[in-house]
Amino acid sequence: MYLFIVWLPALAVANVDVAYRVVTGKINPGILKIQPKLTNDLSLMILANSITLTPGTLSVDVDEKSNALYVHWINVDKEALKKMPRDPKYVCGKFPEWARRIAG
């Protein structure tokens, strides 16, 4: 269900967004730290892989003490920087919820 309901639609939207940014040159790359509040390694791995497989984002590192992910994002804007401390969904959508459901 995760693949068809959550990940594939996100993949389609991300492909269009990345194509648009490549053609127009509107690229503002950066690395963001997100706190998905996942408690086990399997759910964090599912989230990191989902982020990496989505165009325009790449999981770069994991902080093992706090289970935070460092994500390279193709378009870091001011709105993202304002929302990041409170809401990791701005970068990874519903991926953390589903990773928690799948891995417990």
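Asks: In this structure, what is going on with the packing of helix H2 (residues 41-53) against helix H5 (residues 95-103)? I would like to understand it.
Replies: Two numbers describe a pair of packed helices, the interaxial angle and the distance between the axes. Their axes nearest at 8 Å, the elements H2 and H5 cross at an angle of 140 degrees. Judged on the interaxial angle alone, H5 and H2 are oblique. With respect to the hand of their crossing, H2 and H5 are arranged in right-handed fashion. Between H2 and H5, the contacting residues are Leu 42, Ser 43, Ile 46, Leu 47, Ser 50 and Ile 51 on the first element and Phe 95, Pro 96, Ala 99, Arg 100, Ile 102 and Ala 103 on the second. Across the contact of H2 with H5, the residue classes break down as nine nonpolar, two polar and one charged.

Asks: Teacher, can you tell me more about the packing of helix H1 (residues 2-24) against H5 here?
Replies: At a minimum axis distance of 11 Å, the contact between H1 and H5 shows a crossing angle of 155 degrees. Taken together, H1 and H5 sit at an angle that is classed as roughly antiparallel. In the packing of H1 onto H5, the handedness of the crossing is left-handed. Along its contact with H1, which presents Tyr 2, Val 6, Trp 7 and Ala 10, the element H5 presents Phe 95, Trp 98 and Ile 102. For the contact of H1 with H5, the per-class residue count stands at seven nonpolar, no polar and no charged.

Asks: I'm lost on H5 in this one. Help?
Replies: Side chains of residues three or four places apart in an α-helix project in the same direction, reflecting 3.6 residues per turn. Among the residues making up H5, those that are buried are Phe 95, Pro 96, Trp 98, Ala 99 and Ala 103. When H5 is viewed along its axis, its buried side chains cluster within an angular range of 165 degrees and face the same direction.

Reading guide: rules and limits
- Residues numbered from 1 in each chain as written.
- Predicted model: local features only at pLDDT ≥ 70, side-chain atom pairs only at ≥ 80, totals over all residues.
- Heavy atoms only, no water.
- Axes fitted to C-alpha atoms, helices over the stretch in contact; angles between N-to-C directions.
- Helix = DSSP H or I, 4+ residues; strand = E, 2+ residues; numbered from the N terminus.
- Parallel < 35°, antiparallel > 145°, perpendicular 65-115°, else oblique.
- Left-handed = near helix turned anticlockwise from the far one by under 90°.
- Contact = heavy atoms within 4.5 Å.
- Nonpolar A, V, L, I, M, F, W, Y, C, P; charged D, E, K, R; others polar.
- Buried < 20%, exposed > 50% of the residue type's maximum accessible area, 1.4 Å probe, protein only.
- Arc of directions from axis to C-beta.

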